[in-house]
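# Summary of the model geometry
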Amino acid sequence: MQATHLLDLQNVTKTYHMGDVEFPVLHGITFSVDAGEFVSVLGPSGSGKSTLMNIIGCLDVADDGTYTIGRRAVTGLSERDMAKLRNRDIGFVFQSFQLLPRISALENVMLPLIYAKVPRKQRIARAMAELARVGLADKADNLPRQLSGGQQQRVAIARALVTRPRIILADEPTGALDRTTGAQIMDIFRALNEEGITIVMITHDHKVASYASRVVHILDGRIYSAEEYAALESAEGGT
Amino acid sequence: MFFLSTIRMSFSNLRANAMRTFLTMLGVIIGITSIIALLAIGQGVTDSVIDQLAGLGGNRATVSISDNTVKKGFTEGELAQFAALEGVEGVAPILTSNRVITLLPEQTNSKFDSAHSSGRRVMGVNDFYFSTYTKNAGMLYGRSISADDVHFRTNVCVLGYELWQKLYGNYSPIGETILVQNTPCTIIGVMNQLVGIDVSGNNAIIVPYTTASQALEMGLPGSFDVVIGSSRNSDEVIESIKNLCAKLLGSGSNREMYSVVNQEEILDMVLTITDLVLGMLAGIAVIALVVGGIGIMNMMLVTVSERTAEIGLRKALGARPGVILLQFLIEAIIISLFGGIIGVALGFGASYVASMLIGYTFKFNPLIAMLALLFSLAVGAIFGLLPARRAAKMNPIEALRSS
Ligand SMILES: Nc1ncnc2c1ncn2[C@@H]1O[C@H](COP(=O)(O)OP(=O)(O)OP(=O)(O)O)[C@@H](O)[C@H]1O
Ligand SMILES: [Mg+2]
């Protein structure tokens, strides 16, 4: 097992149970991400992308297999420690932005720092810096509803960045945006990656996926590298 | 620091639903207000009863004939025997009855142009009445009834303050005559206004009780108060009063035929009743607060389910279950504690108003206030716990999906 990977999943499986019926969703996922990479996980609806993201994001635990962040094994951690890990090591960007509606953009960005027990003065300074980084320093006092969709997603990105996590995890970050705005968001991700930030992005959109430096495919709960996927497709095309 | 931002957050959430928050708070406000008001009023009244009884000087006892077939009442001479007992400072018989009184225009400067008659309360007392019951009041005009007036059954009277105002207005009627059931009585004085427990004299015409017995046909006093010197062992004095009663009622008398009730006993009884009432109020208070608490629980359950997505997000951002629990618990406590603060203010306000109306001295009791606040805090904490735990236990994935 390579200690050099930032994220490392080995043979991760996940099965949902509904009463007595079992729904196997992830079948032995082996997948790793190195520091500084920008990986997109591309797959059709229902292929298990969100399930995988939840496991990578420490919101859910695998049934089987191992998952490590840095050198730390995530499997078997308490809920408390998982929360700490999410706070410190992971920055989430969601399809639907997930900003709290009654507090300002700045306060939304400050939120993760409250749970990191950062003093208020520092919280404000760091949140302002991240808002400036996504070009929204002048919108700090706006409520989410006073911002456009693209601006809201930029606030969400600032919030994901503010704890300086090891990895940004984005699930369909452009899913709720039009093409142009989506492209702006992707430009921001690319720029962040060029600054050395590791990004894992989940999408079903080829165009969006192409912004990443590496694309992996997920199909029926199995992971394929770009080459494997190409081979698979040509084989299918052959029959 | 974390606490502060949580509290700030809770306030903004509560303000966003101001109406709902207020209505929920109302339960606690009503509960705490009634507890505080009743406790404060109860305490104020008890305190002033004790104060006034103590203020009358020494201990008092009420002697009365229970069976008036044996004896109709006590004569002047018999009352003198009681007054002469060792340890007794004095006796105060009071006869009370309604009689027609008449003001004739030729006998008075009052505002009535023609003869004016009305039914009024007539009280027959002795000189001791003025030195005990009305100790602090004193006379507005003239003099009070003297021992000689009592002894010689003079036709004199003293007017109570309010009656004087009604009949005469604002001048001194000393020397004028008033007809009490056709008996002309000379007005010798006007009393100052009485305040306290027994203010019946304010609205009465006060005459020597001997005059009342004879000329006004009000009979002999069947009961009277005895004032016992404060330096005395009251039990011994009470015993000698009982012995004298037995002797005066005759050889065939028994304990059923008269009663001697010690004021201390009455006070004990009053205090026992007050304690009982307060205990019952405490029970009602607990019920009121439980109802308020259920209101809080209900509102917090609604809040938690409304804010499922928020809870999911906070968890994703790294909020530990304990932190989520604390956040919702603080919200519940803010509701109940604010309700408690408002309730304490309103309760003491009500007690203050009541003190003006009833006439006891208002006191702010910080202990009661503290207890009430602690109590309301506990209500929030107890009834907020279930909703807060529900929030803390939420699965972040499902919670996030709910948006
Ligand atoms: N809690 C659950 N209980 C049962 N089945 C579930 C649960 N969550 C997901 N699934 C099932 O698992 C499969 C994968 O779901 P997942 O959400 O990971 O798909 P996805 O790739 O993210 O799809 P999409 O692109 O539509 O978001 C689906 O068939 C879904 O119905
Ligand atoms: Mg999905």
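Everything here concerns the structure above.
The paragraphs below set out a description of the structure included in this document. (Residues numbered from 1 in each chain as written. Chains lettered and ligands numbered in written order. Predicted model: local features only at pLDDT ≥ 70, side-chain atom pairs only at ≥ 80, totals over all residues. Heavy atoms only, no water.)

Counting its regular elements, chain A contains eight helices and 10 strands. Taking 18 Å as the expected radius of gyration for a compact globule of 239 residues, we find that chain A reaches 18 Å, a close match to that expectation. Residue burial in chain A is summarised as follows: out of 239 residues, 54% are buried. Look at the contacts in chain A between residues 6 or more apart in sequence, and 70% of them connect residues 24 or more apart. Here chain A has roughly 10,900 Å² of accessible surface; of this, 50% comes from carbon and sulfur atoms. (Helix = DSSP H or I, 4+ residues; strand = E, 2+ residues; numbered from the N terminus. Rg over C-alpha atoms; globule rule 2.2 N^0.38 Å. Buried < 20%, exposed > 50% of the residue type's maximum accessible area, 1.4 Å probe, protein only. Contact = heavy atoms within 4.5 Å. Areas by Shrake-Rupley, 256 points an atom, 1.4 Å probe, with all protein chains shown as cover.)

With that settled, the discussion passes to the packing of aromatic side chains. All names here are of chain B. Under the counting rule described, the total for this entry stands at 13 aromatic pairs over all chains. Judged by centre distance (5.2 Å) and plane angle (85 degrees), the rings of F74 and F224 are edge-to-face. A residue pair is termed long-range when its members are at least 10 positions apart, and F74 in the loop between β1 (59-65) and α3 (76-84) and F224 in strand β10 (residues 223-228) qualify at 150 residues. Exposure class is identical for F74 and F224. Each is buried. Centre to centre, the rings of F348 and F362 are 6.4 Å apart; their planes meet at 85 degrees, and the pair counts as edge-to-face. Residue F348 is located in helix α11 (residues 321-359), and its partner F362 is located in the loop between α11 and α12 (366-392); the two are separated by 14 residues in the primary sequence. The rings of F348, Y352, F362 and F364 are connected pair by pair, giving a single aromatic cluster. (Phe/Tyr/Trp six-rings, centres within 6.5 Å; stacked < 30°, edge-to-face > 60°.)

It is worth spelling out the pairing of strand β3 (residues 38-42) of chain A at this point. Residue and element names in this part refer to chain A. For β3, a buried count of five out of five residues is recorded, marking the element as mostly surrounded by other parts of the structure. Residue alternation in β3 divides its side chains into two sets, F38, S40 and L42 and V39 and V41, and both sets are buried. Of the pairings in the sheet, the one linking β3 to strand β8 (residues 198-203) comprises five bridges and is parallel in character. Its bridge partner being in β8, F38 is matched across the sheet by I199. Taken together, the four bridges between β3 and strand β9 (residues 214-219) define a ladder with parallel strand orientation. Looking at β9, one finds that L42 is bridged to H217. (Pairing = 2+ DSSP bridges.)

Before going further, it helps to examine unusual backbone geometry. Residue and element names in this part refer to chain A. Despite not being glycine, N11 has its phi angle at roughly 50 degrees, a positive value. Looking at the secondary structure, you find N11 in strand β1 (residues 7-18). Under the relative-accessibility criterion, N11 is labelled partly exposed at 49%. Positive phi is not limited to glycine here, since D220 has a value of about 50 degrees. As for its placement among the helices and strands, D220 is situated in the loop between β9 and β10 (222-225). Taking the relative accessible area as the measure of exposure, D220 reaches 56% and is therefore exposed.

With that settled, consider a nonpolar patch on the surface. Residues and elements named next belong to chain B. On the surface, V45, Y352, V353, M356, L357 and I358 cluster together into a nonpolar patch covering about 630 Å² of accessible area. When residues in the nonpolar patch are grouped by element, the largest group, five residues, is from α11. Along the chain, I358 turns up in helix α11. Overall, the relative accessible area of 56% leaves I358 in the exposed class. (Patch = residues over 30% accessible without salt bridge, like charges linked within 9 Å, V, L, I, M, F, W, Y side chains within 5 Å. Salt bridge = Lys/Arg side-chain N within 4 Å of Asp/Glu carboxyl O.)

Neighbouring ligand 1 are the residues Y16, M18, V25, P44, S45, G46, S47, G48, K49, S50 and T51 of chain A together with R401 of chain B. More than one chain reaches ligand 1: its neighbouring residues belong to chains A and B. The backbone of G48 of chain A places a nitrogen or oxygen atom 3.0 Å from an oxygen atom of ligand 1. Take S50 of chain A: an N or O atom from its side chain is 2.7 Å from an oxygen atom of ligand 1. Protein contacts shield 64% of the accessible area of ligand 1, which totals 630 Å² for the unbound molecule. Counting residues per element, the ones that place at least two in the shell around ligand 1 are β1 and α1 (49-56) of chain A. Top element by residues in the shell around ligand 1 is α1 of chain A. It accounts for three residues. Grouping the amino acids of the shell around ligand 1 by side-chain chemistry returns four nonpolar, six polar and two charged. (Near = heavy atom within 4 Å. Polar contact = N/O pair within 3.5 Å; in protein donor to acceptor, adjacent residues only side chain to side chain. Nonpolar A, V, L, I, M, F, W, Y, C, P; charged D, E, K, R; others polar.)

Turning next to the sheet that holds strand β2 (residues 88-93) of chain B. All names here are of chain B. Taken together, the four strands give an open sheet; going across it, the order is β2-β10-β1-β11, and neighbouring strands pair in antiparallel fashion. Edge positions in the sheet fall to β2 and β11 (258-262), since each has one partner strand and no second. The sheet shows a mean angle of 20 degrees between the axes of neighbouring strands, taken without regard to direction. With five bridges joining them, β2 and β10 adopt antiparallel strand pairing. Bridging across to β10, G90 finds its partner in V227. The strands touched by helix α8 (residues 234-249) within the sheet are β1, β2, β10 and β11, with β11 carrying the most contacts at an inclination of about 165 degrees. Helix α9 (residues 263-306) rests against β1 and β11 of the sheet, and its axis sits at about 65 degrees to β11. (Axes fitted to C-alpha atoms, helices over the stretch in contact; angles between N-to-C directions.)

Our focus in this paragraph is the interface of chain A and chain B. Across the contact, 24 residues belong to chain A and 26 residues belong to chain B. In total, chain A and chain B occlude about 2,400 Å² of area from one another, counting both sides; carbon and sulfur atoms represent 61% of this. Area buried by chain A at its contact with chain B is led by Q98, R102 and Y115 of chain A, which between them contribute 28% of it. At the boundary of chain A with chain B, the tally comes to one salt bridge. A salt bridge links K315 of chain B to E79 of chain A; its shortest N-O distance comes to 3.7 Å. The interface formed by chain A and chain B includes five residue pairs in polar contact (both at pLDDT 80 or more). Elements with a minimum of two residues in the side of chain A that touches chain B: α2 (79-89), α3 (105-115) and α4 (120-133) of chain A. Of the residues forming the side of chain A that touches chain B, the biggest block, five residues, is contributed by α2 of chain A. (Buried area = accessible area lost by both parts, 1.4 Å probe.)

All names here are of chain A. What the six strands build is an open sheet, ordered β6-β7-β8-β3-β9-β10; its pairing is mixed. Looking at the sheet topology across the chains shown, the edges are occupied by β6 (90-93) and β10. Looking at each pair of strands side by side, their axes are set apart by 20 degrees on average, direction ignored. Of the strands in this sheet, β3, β6, β7 (167-171), β8, β9 and β10 touch α1, which is tilted by about 155 degrees from β7. Seen against the sheet, helix α5 (residues 149-161) touches β6 and β7 and runs at an angle of roughly 170 degrees to β6.

By themselves, these observations are geometric and do not establish any function.
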